[in-house]
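Geometric and topological summary
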Amino acid sequence: MRTDMPTVHVLDADQRSALAATRALGMAGYTVYTADTTRQALAGRSKWSQGYFRYPDPSQDTNAALESIAQCCEARSVDLLMPMTDVSTHLVQNANGINLPQTPCPPPPTYETASDKGALMRVANEVGIAIPTTQEIAPGTALRELPDTFEFPVVMKPTRSRVPLENGYLHT
């Protein structure tokens with residue numbers, strides 16, 4: 001590790017993407033720390049992780065998670081915070097009043113559109129990208145209320161895998 005390189009903190013350390021980022025950053029000479037909500041995590045065991053930190057689960061308490069991450073980053077003089085999932089990206093983008101390091105994230109409206117499958121399909125269709133036949137169903141619609149025009153097989157997906165709540169996240 002080179003002392004002239006920024007210090008990076010990779011969140012969601014139990015994800016394979018976090019392991020890949022940790023390895024790549026470490027091999028490039030960055031000082032890398034990792035963190036997740038679990039006692040141990042995949043990237044936290046990497047030889048490139050200089051330390052692992054466990055933070056509260058944001059799906060249970062977003063404020064506690066943010067405060068914990070901010071304290072850890074400050075203690076380690078972190079220059080760059082890398083969220084690796086929808087939950088942690090949404091979390092750090094909405095850290096109002098909490099001092100966090102710089103994050104390599106797009107502006108919140110851009111990220112929100114990209115992470116909402118329905119919105120992304122609408123934008124793709126508007127710019128002429130071919131998409132499968134798509135019909136959005138209003139939340140709470142019962143299967144018996146679906147139009148008769150559906151042909152099987154039908155693929156049904158929620159527009160988001162995690163839905164932000166006031167102080168947590170709903171896993172769909």
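Please refer to the structure placed before this passage.
Below is a summary of the structure that appears in this document. As the structure is a computational prediction, the values presented were derived from the model and not from experiment. (Residues numbered from 1 in each chain as written. Predicted model: local features only at pLDDT ≥ 70, side-chain atom pairs only at ≥ 80, totals over all residues. Heavy atoms only, no water.)

**Remarks on the nonpolar core**
Leu11, Tyr55, Leu66, Ile69, Leu81, Ile98 and Leu100 are the most contacted members of the largest nonpolar core, which totals 17 residues. Broken down by element, the residue count for this core peaks at 6 residues, all from helix α2 (residues 62-75). Counting residues in hydrophobic clusters, the runner-up holds 11 residues, among them Ala13, Leu19, Val32 and Met82. (Core = buried A, V, L, I, M, F, W, Y, C linked by side-chain atoms within 4.5 Å. Buried < 20%, exposed > 50% of the residue type's maximum accessible area, 1.4 Å probe, protein only. Helix = DSSP H or I, 4+ residues; strand = E, 2+ residues; numbered from the N terminus.)

**A look at the packing of helix α4 (residues 108-115) against helix α5 (residues 117-126)**
Contact pair α4 / α5: the axes reach a minimum separation of 5 Å and the direction vectors enclose 95°. Comparing their axes, α5 and α4 come out roughly perpendicular. Contacts between α4 and α5 pair Thr113, Ala114 and Ser115 from the former with Lys117, Ala119, Leu120 and Val123 from the latter. Residue composition of the contact of α4 with α5, grouped by class: 4 nonpolar, 2 polar and 1 charged. (Axes fitted to C-alpha atoms, helices over the stretch in contact; angles between N-to-C directions. Parallel < 35°, antiparallel > 145°, perpendicular 65-115°, else oblique. Contact = heavy atoms within 4.5 Å. Nonpolar A, V, L, I, M, F, W, Y, C, P; charged D, E, K, R; others polar.)

**Re the layout of surface pockets**
Each pocket or cavity is described by its volume, and for the largest pocket that value is around 820 Å³. What lines the largest pocket is a set of 23 residues, among which Thr134, Gln135, Val155, Met156 and Lys157 lie closest to the centre. Looking at the lining of the largest pocket element by element, the count peaks at 3 residues for α5. Partitioned by chemical class, the residues of the lining of the largest pocket number 11 nonpolar, 8 polar and 4 charged. (1 Å grid on protein atoms, 1.4 Å probe; cavity = no way out; pocket = protein on both sides within 12 Å on 5 of 7 lines; lining within 4 Å. Points joined across faces, edges and corners; volume = space filled by probe spheres on them.)

**Points about α5**
Gly118, Ala119 and Ala124 are the residues of α5 that are buried. Along its buried surface, α5 packs onto α4. Structurally, the start of α5 carries an N-cap: the backbone nitrogen of Gly118 is 2.9 Å from a side-chain oxygen of Asp116. After α5 finishes, the residue Gly128 shows a positive phi value of roughly 90°. (Polar contact = N/O pair within 3.5 Å; in protein donor to acceptor, adjacent residues only side chain to side chain.)

**Description of the environment of Met82**
Residue placement: Met82 occurs in strand β4 (residues 80-82). Counting along the chain gives 58 residues from Met82 to Ala24, while the straight-line C-alpha distance between them is 13 Å. For Met82, the contacting residues outside a window of four places in its chain are Val8, His9, Val10, Leu11, Ala21, Leu25 and Pro104.

**Notes on the sheet that holds strand β1 (residues 7-10)**
Strands in a sheet are paired, the pairing made by backbone hydrogen bonds, and the direction either parallel or antiparallel. Pairing within the open sheet is parallel, and its 4 strands lie in the order β3-β2-β1-β4. Two strands in the sheet have a free side with no partner beyond their single neighbour: β3 (49-54) and β4. Taking each pair of neighbouring strands and ignoring which way they run, the sheet shows an average axis angle of 20°. Of the strand pairs in this sheet, β1 and strand β2 (residues 31-36) are connected by 4 bridges, and their pairing is parallel. Bridged to His9 within β2 is Tyr33. (Pairing = 2+ DSSP bridges.)

**As for unusual backbone geometry**
One non-glycine residue, Asp12, lies in positive phi territory at about 60°. If you trace the backbone, Asp12 turns up in the loop between β1 and α1 (16-27). In this structure, Ser77 takes a positive phi of about 50° despite not being glycine. Considering the arrangement of structural elements, one finds Ser77 in the loop between α2 and β4.

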